Amino acid sequence: MQDGNQNTYLVEVNDPKSADIVGKMMVWGMVSVGILAILIKVYGTVIGWYHASVAWLTEAGQYASSFWPF
């Protein structure tokens, strides 16, 4: 039973602009994380190549210097 003095209201808010903004923010966040992951992978690859090149050049220089008579 309801009292005549008590009113119950249901307010439903549907704001498509805020939902659109939140969706765009989520997409940009995922794109940013993806770009950072790609940059980390590229950085690791370049550093690996650099260390391998330095090691190879060091060994090649030691080998070439072993032929010097003095």
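Residues numbered from 1 in each chain as written. Predicted model: local features only at pLDDT ≥ 70, side-chain atom pairs only at ≥ 80, totals over all residues. Heavy atoms only, no water.

Some details on the overall build of the protein chain
Along its length, the protein chain carries one helix and zero strands. For 70 residues, the compact-globule formula gives about 11 Å, and the C-alpha radius of gyration of the protein chain, at 33 Å, lies well above that figure. With respect to the three principal axes, the spread of C-alpha positions in the protein chain is 110 × 25 × 15 Å. Residues classed as buried in the protein chain amount to 0% of the 70 residues present. (Helix = DSSP H or I, 4+ residues; strand = E, 2+ residues; numbered from the N terminus. Rg over C-alpha atoms; globule rule 2.2 N^0.38 Å. Buried < 20%, exposed > 50% of the residue type's maximum accessible area, 1.4 Å probe, protein only.)

Section: the UniProt feature "transmembrane region" (unreviewed entry) in the protein chain
UniProt's feature table lists "transmembrane region" (unreviewed entry) at residues 27–50, given in the numbering used throughout. The distance separating the terminal C-alpha atoms of residues 27–50 is 35 Å; by composition the span is 100% helix and 0% strand. (UniProt positions renumbered as here; feature names shortened; annotations may be inferred.)

Describing the packing of aromatic side chains
What the rule picks out here adds up to one aromatic pair. Ring geometry for tyrosine 63 versus phenylalanine 67: centroids 5.1 Å apart, planes at 85°, classification edge-to-face. Accessibility expressed as a relative area gives 58% for phenylalanine 67, which makes it exposed. (Phe/Tyr/Trp six-rings, centres within 6.5 Å; stacked < 30°, edge-to-face > 60°.)

Quick look at the environment of asparagine 14
Topologically, asparagine 14 is positioned in the segment before helix 1 (16–65). Once the C-alpha coordinates of asparagine 14 and alanine 52 are considered, the two residues, 38 residues apart in sequence, prove to be 58 Å apart.

Some remarks on a nonpolar patch on the surface
Side chains of Val22, Met26, Val27, Trp28, Met30, Val31, Ile35, Leu36 and Leu39 sit close together on the surface and give an oily, nonpolar patch of about 940 Å² of accessible area. With respect to the element layout, methionine 30 can be found in helix 1. Since its relative accessible area comes to 57%, methionine 30 is described here as exposed. (Patch = residues over 30% accessible without salt bridge, like charges linked within 9 Å, V, L, I, M, F, W, Y side chains within 5 Å. Areas by Shrake-Rupley, 256 points an atom, 1.4 Å probe, with all protein chains shown as cover. Salt bridge = Lys/Arg side-chain N within 4 Å of Asp/Glu carboxyl O.)

Observations regarding the environment of valine 54
Turning to its location among the elements, valine 54 is positioned in helix 1. On a C-alpha basis, the gap between valine 54 and valine 22 in space is 48 Å, while along the polypeptide they are 32 residues apart.

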